[in-house]
Amino acid sequence: MKHRSDHVERMKFRCLRQPRLNRTQNRKIQALERKLDAECQFARERNYFNPYARRGLGDGQMTIIGDVREIPLLSDSASSALEYRLSSFAQTGDIVVLQTVRHRDFEDYREKTLQLGSPDYLETGQSTVENLFSTPIRCLKDKKIYSELLKRVRSLQATTVLSHIATGTIWALARRLGADLDQPMQVAGALPTLSRLANNKLWFAKVVSELLGPEVIPDEVPVHGPAALTGAVRSLARKNNKLVIKVPDSAGSAGNFVISCAKVRDMDVYATHRFLAELLAPVERELRFPLMVQVWENKVLMSPSIQIWIPKAQDGSPIIEGFFEQVLSGPSGTFSGAAHVVLPPELDERMACQGMMLAQLFQSLGYFGRCSFDSVISGDDLDSAKLLWIECNGRWGGVSVPMTLLNNLFRNSQTPEFVIYHAPGATGRRQTFAEGSGKLKELLWSPGRASGVIFLTPSGFETGEKLHFVSLASTIEQAQQQVELTLRRLAEDY
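Residues numbered from 1 in each chain as written. Predicted model: local features only at pLDDT ≥ 70, side-chain atom pairs only at ≥ 80, totals over all residues. Heavy atoms only, no water.

**Structural notes on the overall build of the chain**
Cut-off, in case you're wondering: A run of DSSP states H or I qualifies as a helix once it reaches four residues; a run of E qualifies as a strand once it reaches two. Both are numbered from the N-terminal end. Exposure classes here rest on a 1.4 Å probe applied to the protein chains alone. A residue is buried below 20% of its type maximum, exposed above 50%, and partly exposed in between. Any pair of residues with heavy atoms lying within 4.5 Å of one another is described as a contacting pair. Exposure was quantified through the Shrake-Rupley algorithm and a 1.4 Å probe, taking into account, for residues, occlusion by the shown protein chains and nothing else. A positive count includes Lys and Arg, and a negative count includes Asp and Glu. His and the chain ends are not counted in either. Lysine's charge is taken at NZ, arginine's at CZ, aspartate's at CG and glutamate's at CD.
Looking only at helices and strands, the chain has 17 helices and 19 strands in total. Considering only C-alpha atoms, the chain reaches an extent of 60 × 60 × 50 Å along its principal axes. Within the span of the chain, comprising 494 residues, buried residues form 57% of the whole. Across the chain, every contact between residues at least 6 apart in sequence was considered, and the portion connecting residues at least 24 apart equals 74%. Put simply, the chain shows about 21,100 Å² of open surface, and 49% of that area lies on carbon and sulfur atoms. Computed over 59 positive and 54 negative side-chain charges, the separation of the two mean positions in the chain equals 4 Å.

**Some details on the sheet that holds strand E5 (residues 160-163)**
Definition in use: Two strands qualify as a pair provided that DSSP identifies no fewer than 2 bridges between them. Angles shown run from 0 to 180 degrees and are taken between the N-to-C directions of axes, each axis being a line fitted to C-alpha atoms and, for helices, limited to the stretch in contact.
The six strands lie next to each other as E1-E6-E5-E2-E3-E4, forming an open sheet whose pairing is parallel. If you trace the sheet from one side to the other, it starts and ends with strand E1 (53-55) and strand E4 (120-123), each paired once. Ignoring strand direction, the axes of neighbouring strands in this sheet form an average angle of 25°. The sheet contact formed by E1 and strand E6 (residues 185-187) spans three bridges and is parallel. Each residue of the ladder has a partner; that of Arg54, found in E6, is Gln186.

**Some points on the pairing of strand E12 (residues 304-310)**
Taken across its seven residues, E12 has seven buried, putting it largely inside the fold. Side chains Pro304, Ile306, Ile308 and Ile310 of E12 all project onto a buried face; the interleaved residues Ser305, Gln307 and Trp309 project onto the opposite face, where all are buried too. As judged from the six bridges shared by E12 and strand E15 (residues 369-378), these two strands associate in the antiparallel manner. Residue pairing for E15: Ile306 is matched across the bridge by Phe373.

**What about the packing of helix H6 (residues 143-156) against helix H7 (residues 168-181)?**
Axes are the key here: two packed helices are described by the angle between their axes and the distance separating the axes. Selection rule: Should the near helix be turned anticlockwise from the far one by less than a right angle, the crossing is left-handed, and should it be turned clockwise, the crossing is right-handed. Basically, the charged four are Asp, Glu, Lys and Arg, the nonpolar ten are Ala, Val, Leu, Ile, Met, Phe, Trp, Tyr, Cys and Pro, and anything else, Gly included, counts as polar.
At their nearest, the axes of H6 and H7 sit 11 Å apart, and the two run at 65° to each other. Of the two elements, H6 crosses H7, and the hand of that crossing is right-handed. Note on element contacts: H7 touches H6 through Leu173, Arg176, Leu177, Asp180 and Leu181, opposite Tyr146, Leu149, Leu150, Val153 and Arg154. Taken together, the residues that form the contact of H6 with H7 break down as seven nonpolar, no polar and three charged.

**Looking at helix H1 (residues 23-40)**
Test applied: One fewer than the residue count of a helix, multiplied by 1.5 Å, yields its expected span. As used here, the arc belongs to the directions running from the helix axis to the C-beta atoms.
Taking 1.5 Å per residue, 18 residues should reach 26 Å; H1 reaches 26 Å between its end C-alpha atoms and fits that length. The complete set of buried residues in H1 reads Gln25, Ile29, Leu32, Glu33 and Leu36. Taken around the axis of H1, the buried residues stretch over an arc of 115°, which confines them to a single face. Along H1, the residues that are exposed and aim more than 90 degrees away from the buried face are Arg23, Thr24, Arg27, Arg34 and Ala38. For H1, the secondary structure elements touched by its buried residues are helix H2 (42-49), helix H9 (201-212) and helix H13 (345-365).

**Some remarks on the pairing of E15**
The buried count for E15 comes to 10 of 10 residues, which makes it a mostly enclosed element. Across two bridges, strand E11 (residues 300-302) lies against E15 in antiparallel orientation. Of the residues in E15, the one forming a bridge with Met302 is Ile377. Where E15 lies against strand E16 (residues 386-393), seven bridges are found, and the strand directions are antiparallel. Paired with Ser372 across the strands is Asn393, a residue of E16.

**What about the packing of helix H15 (residues 433-440) against helix H17 (residues 476-491)?**
Selection rule: For classification, angles of less than 35 degrees are called roughly parallel, those exceeding 145 degrees roughly antiparallel, those between 65 and 115 degrees roughly perpendicular, and all remaining angles oblique.
Contact geometry of H15 with H17 gives a least axis separation of 9 Å together with a crossing angle of 125°. Judged by the inter-axis angle, H15 sits oblique to H17. Here H15 runs over H17; the crossing is right-handed. From H15, Gly436, Lys439 and Leu440 reach across to H17, where they touch Thr486, Arg489 and Leu490. Along the lines of polarity and charge, the residues of the contact of H15 with H17 split into two nonpolar, two polar and two charged.

**Observations regarding H7**
Here H7 is 14 residues long and its end C-alpha atoms lie 20 Å apart, about the 20 Å a rise of 1.5 Å per residue gives. Residues of H7 that are buried: Thr169, Ile170, Trp171, Leu173, Ala174, Leu177, Gly178 and Leu181. Positive backbone phi, approximately 60°, marks Asp182, located one or two places after H7.

Here's what the structure looks like:
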């Protein structure tokens, strides 16, 4: 099927693979689509938001909200560190809504060095300990903020809402704006129920198992209370080396709690229960059942993700844009970077085919927008390895944002090789963005260059942690060397 981007002028999507599904595979997708659609009744939600909020990516200006506070267990500090990331797609005339401190030096950098244009920044004011509302909630609850947003949307015709994740709050905001403008707003993401389900690890595992077979997901158990959690951990610990308790709707490693089976194998029921209570204590106030208890795979050879753009069905089939090997660090598997990966032909074909089946199922349910599927490949070697699907990221993330930014920057030419660097912790001395970028000089990328580094957020400079940038070069190896040179330069004291 021919691809047609919904937003050709603003978003560039590159098709890496286009596997053809056979009749049997398509029938399985259709059968599961009918079952899930009957269970979830997505049509009711479409009717509620119509006509003022609809799925899509319009041709005009955008209202961009990069806040991640609505994802469970992501702290306010984590949100602030990432809030500028989605502004990578902002152009002159767009609105960027911020709940973090403005970084004027970074804004000058993206406008003058990267030549991305000069968007209109709307500050909602920083959140406090007493007021940790997400940005879209503040836009809805605060009359002054909403009035200003409405005025700017009307003036700039920024009628597409692009957010980090499409939540019910984002859709409610779009619907209210559309009603007050008396014209449709478009939301560049799935409707709330499907968005929530896609980002839920338990639901995703159920869907993968039914569509592709239970052998392509790790051994896992959903648990609905403390007693069930204790029993599941004790049972799985008897025959495995490592387990992970997952908060199903959190992101990345924020909701992952890893357990060494040797540590709990000989505990009695009471001791196991107490151990688990202490392990989960940091998130006790936000914890909700069900949780997932999953076997942590042994002999993991790599952890690739498949990056996909899912258009509306009438605009073409899902676009597989790339396979990326994720770099995971720390005991809970924190995302700290990624780069393109080349897989053996049979494994490549299997991953592309299964990824396309999942994407087409999502599309048939009405999913729209950015999506990625994370996996692990484990075994003695790649030729005999098994592919297991771990989770779905139904949102923009640490790989998809820089990948799409580079597609846009190199719209008419081949994108160089690149490495994404996202340090999970301390990276060096604290400094302003102007001080840090001033040390890099010839390493900073600008239009016309085929190599260099591009910073996606400013906050890592002033905090001395969580730097987030992409390094471009002729080869992956050279890009990685440039990452290391960049970190050395930033650590210098002058």
